[in-house]
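# Results of the structural survey
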Amino acid sequence: MSTFSILLALVCAICIAGLIRRYARHRARLFAPPGKTRAESAQTAHNPPPGLAGRMGRAARSAARSLAAAVTDVLLLWRTARTSPYRWLAHTLILSGFTGLLVFHALDDIISYPYIAGYESTLDPWQWLRNLFGAMVLCGAGLAVLRRLRTPALRRLSRVQDWLLLAAVAGIVGSGFALEAVKIISPHVFTRMTDEYFLPQDETELAALRAYWSTVNGVIFTPPASTDPALLEQGAQLNENNCVYCHAETASAFVSRALATAVSPAAAPLNNARADQLLWYLHVGLALLALACMPYGKFLHPIATPLNLVARQGSRNAAGPADIPADIPTDTPPDIPTKAPAAATASPPSPVSPPSPSGAQRRLGLEACTRCGECSLHCSVAPAYTVVGNPNILPSEKLLSLRRYTEGSLLPAATDAFAEGSRICTECLRCTDICPSGINLQDLWLASKSSLKKEELDGPNTTIRQCSAAQWANVLGAQGKSRFEQEKGDGLADRAESFWGCVQCTTCTSVCPVVAVCEAPAKDLDLMPQQIMNLLRMGLKDEALGVRMVWSCTTCYKCQEHCPQDVPVADILFELRQIATERFKERRLTSCPLPAVSPVRIPPVDGGTGPTGPTMATTSTAATVATAATVTNPGTALEPNTAPAAHTGTSDPSTGTPA
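Thresholds applied
- Residues numbered from 1 in each chain as written.
- Predicted model: local features only at pLDDT ≥ 70, side-chain atom pairs only at ≥ 80, totals over all residues.
- Heavy atoms only, no water.
- Helix = DSSP H or I, 4+ residues; strand = E, 2+ residues; numbered from the N terminus.
- Buried < 20%, exposed > 50% of the residue type's maximum accessible area, 1.4 Å probe, protein only.
- Contact = heavy atoms within 4.5 Å.
- Areas by Shrake-Rupley, 256 points an atom, 1.4 Å probe, with all protein chains shown as cover.
- Core = buried A, V, L, I, M, F, W, Y, C linked by side-chain atoms within 4.5 Å.
- Phe/Tyr/Trp six-rings, centres within 6.5 Å; stacked < 30°, edge-to-face > 60°.
- Lys NZ or Arg CZ within 6 Å of the ring centre and 35° of its normal.
- Axes fitted to C-alpha atoms, helices over the stretch in contact; angles between N-to-C directions.
- Parallel < 35°, antiparallel > 145°, perpendicular 65-115°, else oblique.
- Left-handed = near helix turned anticlockwise from the far one by under 90°.
- UniProt positions renumbered as here; feature names shortened; annotations may be inferred.
- Patch = residues over 30% accessible without salt bridge, like charges linked within 9 Å, V, L, I, M, F, W, Y side chains within 5 Å.
- Salt bridge = Lys/Arg side-chain N within 4 Å of Asp/Glu carboxyl O.
- pLDDT = per-residue confidence, 0-100.
- Nonpolar A, V, L, I, M, F, W, Y, C, P; charged D, E, K, R; others polar.

Going by an unreviewed UniProt entry, the protein carries the name 4Fe-4S dicluster domain-containing protein and comes from Desulfovibrio psychrotolerans.

Right under this line is the structure:
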């Protein structure tokens, strides 16, 4: 066994071990079979499993969809063309060129020689094709580099692994061209070939062949070969009789021959240093190194991305491929018959829901990212990244953190940043729709959010519910303003003109969808929006930071749009949440430092009722609201962030309006 074969076997073993390790490092709980949803269970109850013919039909349709996806999405890259023709051109050049090099060069002993009659890598058209494929790869890599450099947002997102992969591709192909160029000018290579395949009858024949190869194929001898026409004619005849069966003229290797001509002035030192051997080691070493790195980072995507595209079967939404028989209704409600049979009316068919992705599909999707950045460039919350500065807001960066999270290698601080990025995501589906790799990002985001919530790692949204609003007021109030608040200055919650227009009409509460879906709003939300405005009116901003209404707001802006006084209610609630989050981050609070207090139902002090019923809140919060009721005249209210006035009992404690 040769040294090259031993090295190749060793690298293949490293690659396989790395692939197994990468697959096994994913924690099972995120990728566990999700089980059936309620809709799927209901669907199964109404639609029993099909028989053998039905299952075979579904398998055939699924195979047809996978085959279509392999052609359109893997070979033709239609997904990429849909989002970026420029990137489609670059990726097509790299994919087509590299595939051609694998077939007609790297794996020719396995593919080309056994299955192509008369194949010889140094004969045309294969020699010409090899140069064409190499040129395509270099052009594609160059376009990819320009794309990353010309797009500022993409340039900022590019990581070392992105540049390393492009450098590896260009290095392998570039060293291959350089190797072929120095072999063209090398007399050592010519001597090796004549020693193995040419039996001269006398010294004149060898000189004639040297003269012909020096003139036609570019070999540079020291001293130079003869240019005698008679000798050249004899060399051409010898070449025709002995060489054309396995070697075409080097002119068809248009890139390598041009490179050989360019380096011909340095032919003597290159030949003396045996540059052909040095470049062979460089070329083979880079190829083996790339193979060994395949299980790591972005190097895996040439395998994972095509598999994921085939598994997705052309689906571009979060639902994934669904095999919906023609005789089963879809999401459209069934028509109501005028004279329906009793059996049909007793159990109407249920809509078909797409199956939940399996754990294997989620693993595959997690590894299929090419880091092209399209998802981040089209992310609907990308502007938040410029303000918050957390890269996990962007899908491409959040996917890296998710991979580490599933491997259990995400540090606590990084987990908090990952949780913050997950919270800011609006699940608008843009990233899933635009992903050229067909990754079901929507499903991964939902699964990761669920896992974070189960482990109570989803950040302040969970932490804030561990204590009452009054306890958080003590904790966060004692901390004082965070650096974020100090740098930003006074916000809406600090400027009195933002909320002084509130007349406690409760319109904001009446239109709030969060309040509408709560069975006991006062228990679940602590205070209603207009009550929070009243707290701020008295300068009790710290008391409002832990109120659950602040953390349950969906920022739908209904309150703000319907407010007759144009109070920016939604903006204020969002700002309060951001202030509390920054204080959490500054103190690195991942749990409440005080013992939890169970909410206690208290009777309304003044029969206070809003549109949502009797008041129920924690004792401390209710007391605060009662104190807040002392301020009845906005014109005489306290300045922001000052102590409240004494309770005079002249107002409704639940709303703060005059009694």
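### Some words on the overall build of the protein
If you tally the helices and strands in the protein, you get 37 helices and two strands. Here the protein holds 659 residues, and 44% of them are scored as buried. Taking the contacts inside the protein whose residues are at least 6 apart along the sequence as the reference set, 74% of them involve residues at least 24 apart. Accessible surface computed for the protein: about 32400 Å², of which carbon and sulfur atoms make up 62%.

### A look at the nonpolar core
Within the largest apolar cluster, 45 residues are counted, with the highest numbers of intra-cluster contacts made by Trp472, Ile532, Met533, Met549 and Leu576. Broken down by secondary-structure element, the contributors of at least two residues to this core are α27 (469-479), α30 (513-517), α32 (529-537), α33 (541-545), α34 (548-552) and α36 (569-587). A total of eight residues in this core trace back to one element, the largest contributor, which is α36. In this structure, Leu576 is in contact with Ala493, Ile532, Leu536, Lys541, Ala544, Leu545 and Val550, ignoring residues within four places of it in sequence. Of all hydrophobic cores here, the second largest spans 22 residues; its members include Met294, Leu410, Phe418 and Leu452.

### Focus on the packing of aromatic side chains
Tallied over the entire structure, the rule returns 13 aromatic pairs. Where Phe190 meets Phe221, the ring centres are 5.2 Å apart and the plane angle is 85°; that geometry is what we call edge-to-face. Remark: Phe221 occurs in the loop between α12 (203-216) and α13 (229-242) and Phe190 occurs in helix α11 (residues 187-197); sequence separation between them is 31 residues. Considered together, Phe190 and Phe221 belong to a single accessibility category, that of buried residues. Ring geometry for Tyr405 and Phe418: centres 5.6 Å apart, planes at 40°, overall tilted. Highlighted residues: Tyr405 in helix α22 (residues 395-407) and Phe418 in helix α23 (residues 412-424), separated in sequence by 13 residues. Take Tyr405 and Phe418: they sit in the same class, and that class is buried. Connected via pairs of aromatic rings, a cluster forms that spans Phe104, Tyr113, Tyr119, Trp126 and Phe133. Directly above the aromatic system of Phe221 lies the positively charged group of Arg210, at a separation of 4.2 Å from the ring centroid. The aromatic ring of Trp445 is capped on one face by Lys398, whose charged end is 4.1 Å from the ring centroid.

### Things to note about the packing of helix α4 (residues 52-75) against helix α17 (residues 301-312)
Relative to each other, α4 and α17 sit at 135°, their axes nearing to 7 Å. In this view, α4 runs oblique relative to α17, as classed from their interaxial angle. Along this stretch, α4 crosses α17, giving a crossing that reads as right-handed. Every residue of α17 that contacts α4 at Ser66, Ala69, Ala70, Asp73 and Val74 is listed here: Pro306, Leu309 and Val310.

### Structural notes on the UniProt feature "transmembrane region" (unreviewed entry) in the protein
Mapped onto the present numbering, the UniProt feature "transmembrane region" (unreviewed entry) falls on residues 6-24, 88-107 and 127-146. Here residues 127-146 is 100% helix and 0% strand, with 29 Å between the C-alpha atoms at its ends.

### Things to note about a nonpolar patch on the surface
On the surface, a nonpolar cluster with roughly 520 Å² of combined accessible area is contributed by Leu67, Val71, Leu75, Leu76 and Trp78. For the nonpolar patch, the element with the most residues is α4, which contributes three residues. Topologically, Trp78 is positioned in helix α5 (residues 78-83).

### Quick notes on the confidence of the model for the protein
Residues of the protein with pLDDT of at least 70 account for 80%, and the chain-wide mean is 79. The model gives residues 322-353 a pLDDT under 50, and that stretch makes 31 contacts with residues more than four places away or in other chains. This model gives residues 599-659 a pLDDT under 50, and the stretch forms 112 contacts once residues within four places in sequence are excluded.

### As for unusual backbone geometry
Across the junction of Asp124 and Pro125, the peptide omega takes the value 10°, indicating a cis bond. Examined against the element boundaries, Pro125 turns out to sit in the loop between α7 (112-115) and α8 (126-150). Following Thr222, the chain continues into Pro223 via a peptide bond in cis, with omega recorded as 0°. Turning to its location among the elements, Pro223 is positioned in the loop between α12 and α13. A positive phi angle, near 55°, is found at Gln313, a position not held by glycine. One non-glycine residue with positive phi stands out, namely Arg371, at about 55°. Classification of Arg371 by relative accessible area gives buried; the value is 5%.

### Focus: the pattern of salt bridges
Counting across every chain of the model gives 21 salt bridges. Its salt-bridge partner being Arg371, residue Glu397 comes within 3.4 Å of it at the nearest N-O pair. Pair noted here: Glu397 is in helix α22 and Arg371 is in the loop between α19 (359-367) and α20 (374-377), with a separation of 26 residues, a long-range link. For the pair shown, Glu397 and Arg371 are each scored as buried. With its nearest N and O atoms 3.9 Å apart, the salt bridge here joins Glu586 to Arg483.

### Section: the packing of α32 against α36
The N-to-C vectors of α32 and α36 enclose an angle of 70°; their axes lie 11 Å apart at closest approach. Between α32 and α36, the interaxial angle falls into the category roughly perpendicular. In terms of crossing hand, the pair formed by α32 and α36 is left-handed. Residues Pro529, Ile532, Met533 and Leu536 of α32 form the contact with α36, whose participating residues are Val569, Ile572, Leu573 and Leu576. Counted by class, the contact of α32 with α36 contains eight nonpolar, no polar and no charged residues.

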